[in-house]
Structures are given as structure tokens and as C-alpha cells.
Amino acid sequence: MVEIRKKLRDWYMGNRRQLPWRETTDPYRIWVSEIIVQQTRVDQGRDYYLRFLERFPDLESLAAAKEEEVLKIWQGLGYYSRARNMHAAAKQVKEGGGIFPASYSGLIALKGIGRYTAAAVSSMAFGEPRAVVDGNVHRVLSRLLGIEEAAGGYRSSSAILQAAEKLIDLEDPGTHNQAMMELGALVCTPRQPDCPSCPLNEHCVAHREGRTSELPPRVKSPARRNRYFNYLVIRSGQCLWMGPRKKKDIWKGLYEFPLIETPRAISAGSLVRTREWTDLFGNNGLRPSGVSGPVRHILSHQEIHAWFYLVPGENPPVLSGYEKVCTGEMDRYPVPKLISNYLDRLSD
Ligand code: SF4
């Protein structure tokens with residue numbers, strides 16, 4: 001173990017990427033970076049991280065922000081519940097006296113902070129010996145030690161978690177955790193690990209036994225659910241009617257056009273006969289004047305098939321739950337990528 005730790009550390013010191021969150025021990029900044037890099041590639045994450053901190057440089061500014069502003073900065077990253085949880089956790093800290101928890105147990109009590117994030121922040125900011133296990137670390141440990149355990153869960157019975165805890169460097173757990181993640185990201189990659197240049201190759205079970213493609217065992221991802229979104233694009237002069245999604249569902253709090261979701265793809269003729277259409281426009285014979293789509297939008301567990309129906313009429317009835325968003329104001333409203341792509345096409 002001692003030799004593995006030392007080799008890993010030496011490799012990391014000579015090969016790590018320069019990333020802005022590696023230059024700080026500020027727990028707020030480390031927290032922000034850890035949530036962002038769970039979402040996206042590091043190069044894209046860097047831009048989001050810098051933008052997020054420019055707008056919310058500290059916990060107070062995040063706690064004081066409107067949820068819409070937080071979602072707007074997050075726009076495009078996906079998993080918007082993570083942004084909402086960060087906002088809620090910042091308010092929780094503010095209400096509790098404004099001191100960011102300085103321990104794993106204090107961190108894990110905050111909304112949206114789980115094992116991974118609490119371990120990352122407490123080890124990197126406070127030197128608490130908590131092992132981080134993300135997808136990269138899981139892969140390295142599964143191969144290095146020959147542990148046949150699929151990723152996910154990480155209850156205390158997890159062999160991977162126990163191995164990570166045994167391996168942790170008690171002297172400098174933050175650097176050790178970052179080194180494990182970096183090795184998984186740069187060398188022990190999912191498809192073609194670069195074993196000849198790996199600092200741990202002499203110790204690695206999968207390399208020795210030629211099993212790198214078998215480990216870790218793959219988890220079969222569940223089938224995606226198909227959903228059919230019929231958006232109603234209603235103009236009033238230079239404005240479009242939009243409203244925030246309210247239900248506990250994808251994109252909660254993000255703005256979209258009035259939506260009629262149907263269990264399957266339907267024609268314009270069927271759309272105007274739905275109860276939702278009648279609820280919005282009454283029985284006055286109004287019909288869409290055009291449609292674009294279907295647009296496929298793939299999320300981790302859902303596949304959205306979207307149509308955008310142009311609904312004529314300069315003065316539609318006031319649509320409950322929606323408001324007029326006018327040209328020039330659009331930048332203030334958080335919208336899902338599906339909608340921002342449509343708006344881009346509309347303005348071309
Ligand atoms: S030797 Fe290969 S499989 Fe083993 S930890 Fe290194 S890169 Fe991964």
C-alpha cells in the first residue's frame with residue numbers, strides 16, 4: 001500500500017492538469033467545482049466553474065440569489081436539481097449562521113451533498129481522511145485490485161469503497177483523492193487504458209492477468225423512456241409566452257412554451273382536439289399555422305420527441321402560469337437546451 005500511494009503521488013505531482021479549483025483550499029470553491037465536474041467534461045466544466053464564481057463568488061451571494069439566476073448560470077449542464085440543491089444548501093448554511101461546515105459530517109447534512117461530495121470537500125479543504133469514489137476511482141481500484149464490483153451505490157459494504165478507504169493517504173488525503181481521480185481520467189481510461197505508462201502497472205491485477213477490458217463489470221443501463229412534447233409557440237408582438245416548469249419532473253424551474261404532452265406522437269388535427277388545447281384556447285376553431293419537428297433530445301433516462309407548433313393570433317387569451325417574455329429579456333430566463341436551440345433557430 002505504501003509503495004502504491006507513493007508512486008501515485010509522484011505521478012500526480014508530475015502529470016496533473018492545471019485546473020483552477022486545484023489552486024484553492026476554499027471549501028465553497030471546491031464544492032462548486034465538484035458538483036460541476038460530476039456533470040461534464042473538465043474543459044467545459046472549467047468555463048462553467050469560472051462563470052459560476054464570477055456571478056456567485058461566495059456562499060452569501062449564492063444564498064442571496066434568485067433560483068432563476070442560479071439555473072441560468074447552470075443552463076446547458078443538465079441535472080438542474082443539483083443547481084437547485086446547491087442553492088438550497090447555501091441558504092441552509094446562511095440560516096444556520098453562515099459558517100460553511102468544516103467536516104464530513106457537517107457537509108453531508110446539507111441538502112444535495114452526498115458521500116462523494118462530502119468526502120471530496122472535507123479531504124481537499126480540511127485534510128479529513130475520507131476516500132472519494134467516483135467513476136474514475138472505481139475503475140482504477142477494480143482493475144488494480146481485481147475487484148469484480150459494478151459501479152454505483154457505494155454502501156459501506158462496497159468492496160471498492162472499503163479498498164479506497166484502506167488505500168487513502170492519511171498524511172495528505174486531498175492530494176491522494178485527486179491523484180486517484182486524475183489517474184482514472186488520464187491513464188486508466190474506460191476503453192484503452194495506457195498500462196505501459198501507468199505508475200501502478202507493477203501492482204495491477206487486471207494488467208497482469210490481461211483483464212482490463214473485463215473490469216470493472218459493466219452495468220446495463222436502463223432503457224430510455226420516450227416522451228412526446230407538443231410545444232405551442234404563441235407570439236404577442238415581440239414577445240413569446242413562456243412559463244417555468246413546476247412539477248417534480250425534468251427541468252423544474254426552467255422556462256418553456258406552453259406544453260401539451262401526449263402519450264404518443266400525434267397530428268395537428270388530434271392536438272386541437274385534446275382537452276389541454278381546449279382549456280387553453282376554447283372551442284373557437286383556432287388551429288396551428290405551422291409546425292417544426294420532431295426534434296429528438298436525449299437525456300440520460302429519457303428521449304424527448306418535440307414538435308413546435310406556431311399558434312396564430314396577436315392577442316391570445318391570458319395563459320395562466322405563463323408570461324410574456326420579450327426580445328431582449330430572454331437572457332434572464334433559464335431554459336432547457338431543447339428550447340434554447342429552438343430559440344436560436346428562430347432568431348436565425
Ligand atoms: S495498469 Fe492499466 S489497468 Fe492497471 S491501473 Fe494502470 S492503467 Fe489501469
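Residues numbered from 1 in each chain as written. Predicted model: local features only at pLDDT ≥ 70, side-chain atom pairs only at ≥ 80, totals over all residues.

(A) Seen up close, the overall build of the protein chain. A count of helices and strands for the protein chain gives 15 helices and seven strands. Expressed along its principal axes, the backbone C-alpha trace of the protein chain runs to roughly 80 × 50 × 35 Å. The 348 residues of the protein chain split such that 33% are buried. Once local pairs closer than 6 in sequence are excluded, the contacts in the protein chain between residues at least 24 apart make up 64%. (Helix = DSSP H or I, 4+ residues; strand = E, 2+ residues; numbered from the N terminus. Buried ≥ 20, exposed ≤ 12 C-beta atoms within 10 Å, placed from the backbone. Contact = placed C-beta atoms within 7 Å.)

(B) Representation of the site of the ligand. Taken together, 14 residues lie near the ligand, and Cys 188, Pro 193, Cys 195, Cys 198 and Cys 204 sit nearest. Those elements that place two or more of their residues in the shell around the ligand are α9 (135-145) and α12 (205-209). Here the element with the most residues in the shell around the ligand is α9; it accounts for three residues. Of the residues belonging to the shell around the ligand, the class tally is ten nonpolar, three polar and one charged. (Near = placed C-beta within 6 Å. Nonpolar A, V, L, I, M, F, W, Y, C, P; charged D, E, K, R; others polar.)

(C) Fine view of the pairing of strand β2 (residues 239-244). In the sheet, strand β1 (residues 225-236) pairs with β2 via two bridges, with the strands oriented antiparallel. Note that in β2 the partner of Ser 236 across the bridge is Cys 239. The loop that links β1 with its antiparallel partner β2 comprises two residues; one of these, Gly 237, has a positive phi angle of about 60 degrees. Note that β2 and strand β7 (residues 323-326) share four bridges and pair antiparallel. (Pairing = 2+ DSSP bridges.)

(D) Examining the packing of α9 against helix α11 (residues 173-186) more closely. At their nearest, the axes of α9 and α11 sit 8 Å apart, and the two run at 80 degrees to each other. When the interaxial angle is binned, α9 and α11 end up roughly perpendicular. Side by side, α9 and α11 meet where Asn 136, Val 137, Arg 139 and Val 140 of the first sit next to Met 180, Met 181, Leu 183, Gly 184 and Ala 185 of the second. Its residues placed into classes, the contact of α9 with α11 shows six nonpolar, two polar and one charged. (Axes fitted to C-alpha atoms, helices over the stretch in contact; angles between N-to-C directions. Parallel < 35°, antiparallel > 145°, perpendicular 65-115°, else oblique.)

(E) View of the nonpolar core. Residues Ala 164, Tyr 231 and Val 233 are the most contacted members of the largest nonpolar core, which totals 85 residues. Built from parts of two domains, this core gets at least three residues from each of domain 1 (2-209) and domain 2 (225-347). The contact partners of Ala 164, leaving out residues within four places of it in the chain, are Ala 131, Val 133, Val 137 and Leu 141. (Core = buried A, V, L, I, M, F, W, Y, C linked by C-beta atoms within 7 Å. Domains from an automatic or database assignment.)

(F) Structural detail: helix α8 (residues 115-126). Its twelve residues give α8 an end-to-end C-alpha distance of 16 Å, which sits within 8% of 16 Å, the value for a rise of 1.5 Å per residue. Counting buried positions over the twelve residues of α8 gives nine, a clear majority of the element. Taken residue by residue, α8 has Thr 117, Ala 118, Ala 119, Ala 120, Val 121, Ser 122, Ser 123, Met 124 and Ala 125 as its buried positions. Each element contacted by the buried residues of α8 is listed here: α2 (27-37), α7 (104-108) and α11. (Expected span 1.5 Å × (residues − 1).)

(G) Representation of the environment of Met 13 within the structure. Within the fold, Met 13 resides in helix α1 (residues 2-15). Separated by 269 residues in sequence, Met 13 and Gly 282 have C-alpha atoms that sit 68 Å apart.

(H) Region of interest: the domain arrangement of the protein chain. Taken domain by domain, the protein chain holds domain 1 (2-209) and domain 2 (225-347). Distance between the C-alpha centres of domain 1 and domain 2: 37 Å. When residues of the side of domain 1 that touches domain 2 are assigned to their parent elements, the largest contribution, four residues, is made by helix α5 (residues 67-74). Looking at the side of domain 1 that touches domain 2 residue by residue, the classes come out as two nonpolar, two polar and four charged.

(I) Inspection of the packing of α8 against α11 at higher detail. Where α8 meets α11, the closest approach of the two axes is 7 Å, and the angle between their N-to-C directions is 130 degrees. Relative to α11, the element α8 is oriented oblique. Residues Ala 120, Ser 123 and Met 124 of α8 touch α11, and the partners they reach there are Pro 173, Gly 174, Asn 177 and Gln 178. For the contact of α8 with α11, a count of residues per class yields three nonpolar, four polar and no charged.

(J) Fine view of α11. When the terminal C-alpha atoms of α11 are compared, their 20 Å separation across 14 residues agrees well with the 20 Å that a helix rising 1.5 Å per residue should span. Extensive coverage of α11 is indicated by the burial of eleven of its 14 residues. Those residues of α11 that are buried lie in contact with α1, α8 and α9.

(K) Quick look at the confidence of the model for the protein chain. Here the protein chain averages 92 in pLDDT, while 97% of its residues score no lower than 70. Across the protein chain, element-level confidence peaks in α12 with a mean pLDDT of 97 and bottoms out in helix α14 (residues 275-281) with 87. (pLDDT = per-residue confidence, 0-100.)

(L) View of the environment of Tyr 48. With respect to the helices and strands, Tyr 48 occurs in helix α3 (residues 42-55). The sequence separation of Tyr 48 and Ser 197 amounts to 149 residues, and the corresponding C-alpha distance is 31 Å.

(M) Highlighting unusual backbone geometry. Of the consecutive residues Leu 215 and Pro 216, the connecting peptide bond is found in the cis state with omega at -10 degrees. When you line up the elements, Pro 216 lands in the loop between α12 and β1. Each neighbour pair has its own omega, and for Gly 293 with Pro 294 the value is 5 degrees, a cis peptide bond. Examined against the element boundaries, Pro 294 turns out to sit in strand β5 (residues 290-298). Positive phi, close to 45 degrees, is recorded for Tyr 79, a residue that is not glycine. When you line up the elements, Tyr 79 lands in the loop between α5 and α6 (80-95). On the neighbour-count criterion, Tyr 79 (16 C-beta atoms within 10 Å) is partly exposed. Backbone geometry places Trp 251, a non-glycine residue, at a positive phi of 60 degrees. Inspection of the secondary structure puts Trp 251 in the loop between β2 and β3 (255-256). Trp 251 sits in the buried class, given 22 other C-beta atoms within 10 Å.

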